[in-house]
Amino acid sequence: MEPIYAENIIVGVVYEKIFSWYVTNKEIWFLDYNIWSEAFDVCDENSNYDDCIERKGIPVVNCTTAKQFLNNLSDYQITANELRKKLQDKRAKQEDLEDYLDFSPSLYVDFDKKKLYSLFPEPASFEDYVPTGWDGVYADFTKYIPENEKYWIDENHCNLLLK
């Protein structure tokens with residue numbers, strides 16, 4: 001799956017002290033679909049979490065359901081090197097800085113610390129739909145990303161997201 005601005009997003013995940021990147025549809029990252037459904041009055045038997053295979057039977061993604069959820073997402077996992085290569089390819093083909101927004105990391109979900117950080121550029125407020133006992137924050141989380149996972153930094157320490 002390719003990152004597409006505000007549709008297919010890049011998400012960093014920490015689970016059992018292991019960091020991974022995923023590129024997925026944004027809707028699956030509303031961690032608590034019960035809260036999300038109530039907020040948008042969409043509670044019915046055809047709820048969103050049953051419609052997508054990644055969330056099948058998982059209305060709340062938390063520490064208990066994370067393993068199953070992340071297993072369901074295995075096809076969407078991507079390495080920092082793969083993301084860097086895709087970003088470098090995009091830079092080689094296009095000059096418009098706005099096109100690089102596809103490659104901005106949108107979410108950081110730390111299952112070990114029960115935290116979700118969002119940098120999602122559109123009004124979606126992922127941080128408002130976290131499980132009970134979690135912290136959801138709209139803030140820059142890039143300082144928490146391990147240096148070797150910062151795909152937007154090249155071998156010369158240049159930020160590929162900047163012109």
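What counts as what
- Residues numbered from 1 in each chain as written.
- Predicted model: local features only at pLDDT ≥ 70, side-chain atom pairs only at ≥ 80, totals over all residues.
- Heavy atoms only, no water.
- Helix = DSSP H or I, 4+ residues; strand = E, 2+ residues; numbered from the N terminus.
- Buried < 20%, exposed > 50% of the residue type's maximum accessible area, 1.4 Å probe, protein only.
- Contact = heavy atoms within 4.5 Å.
- Areas by Shrake-Rupley, 256 points an atom, 1.4 Å probe, with all protein chains shown as cover.
- Salt bridge = Lys/Arg side-chain N within 4 Å of Asp/Glu carboxyl O.
- Pairing = 2+ DSSP bridges.
- Expected span 1.5 Å × (residues − 1).
- Arc of directions from axis to C-beta.

1. Structural notes on the overall build of the protein
A tally of regular secondary structure across the protein gives four helices and six strands. Tracing the protein from N to C terminus, the helices and strands come up as β-β-α-α-α-β-α-β-β-β. Sorting the 163 residues of the protein into buried and exposed places 45% on the buried side. Excluding contacts between residues fewer than 6 apart, the proportion of contacts in the protein whose partners are at least 24 apart in sequence is 56%. When the accessible surface of the protein is split by element, carbon and sulfur atoms take 47% of a total near 8,900 Å².

2. Let's talk about the side chain of S106
Note that S106 resides in strand β4 (residues 105-110). Ignoring any residue separated from it by four or fewer positions in sequence, one finds S106 in contact with I9, I10, Y117, S118, L119, F120 and F141.

3. Comments concerning the pattern of salt bridges
Two side chains carrying opposite charge are able to pair once their charged atoms lie near each other. Considering all chains together, one arrives at five salt bridges under this definition. Close ionic contact of E2 with K86 constitutes a salt bridge, the shortest N to O distance being 2.5 Å. Taken together, the positions of E2 in the segment before β1 (8-15) and K86 in helix α4 (residues 80-93) put the pair 84 residues apart, joining distant regions of the chain. Of the residues examined, E2 reaches a relative accessible area of 41% and is grouped as partly exposed. Here K86 falls in the partly exposed class, since its relative accessible area comes to 26%. Across the salt bridge formed by D89 and K85, the nearest N and O atoms sit 2.9 Å from each other. Linking D89 with K85, this pair stays in helix α4, spanning four residues, or about one helical turn.

4. So, the sheet that holds strand β2 (residues 18-25)
Judged by pairing direction, the sheet is mixed, and its six strands sit side by side in the order β3-β2-β1-β4-β5-β6 without closing on themselves. Each edge of the open sheet is held by one strand with a lone partner, namely β3 (77-78) and β6 (135-138). Two strands pair when backbone bridges link them, and β1 and β4 are joined in this way by five bridges, in the parallel orientation. Within β4, the residue paired with V13 across the bridge is V109.

5. Examining unusual backbone geometry
Residue E16 is not a glycine yet carries a positive backbone phi of 50°. Tracing the chain through its elements places E16 in the loop between β1 and β2. For E16, a relative accessible area of 55% puts it in the exposed group.

6. Observations concerning the pairing of β1
β1 sits mainly inside the fold: eight of its eight residues count as buried. Of the two faces of β1, the one lined by N8, I10, G12 and V14 and the one lined by I9, V11, V13 and Y15 are each fully buried. Relative to β2, β1 runs antiparallel, the two being bridged by eight bridges. Across the sheet, residue N8 finds its bridge partner in β2, namely N25. Two successive antiparallel strands, β1 and β2, enclose a turn made up of two residues, where E16 displays a positive phi of approximately 50°.

7. Overview of α4
Given a rise of 1.5 Å per residue, 14 residues ought to cover 20 Å, and the 20 Å separating the end C-alpha atoms of α4 matches this to within 8%. Every buried residue of α4 is accounted for by A80, L83, R84, L87 and K90. Down the axis of α4, the sector holding all buried residues measures 125°, keeping them to one side. What points out from α4, more than 90 degrees from its buried face, is the exposed set N81, A92 and K93. Against the buried residues of α4 lie β1, β2 and β3.

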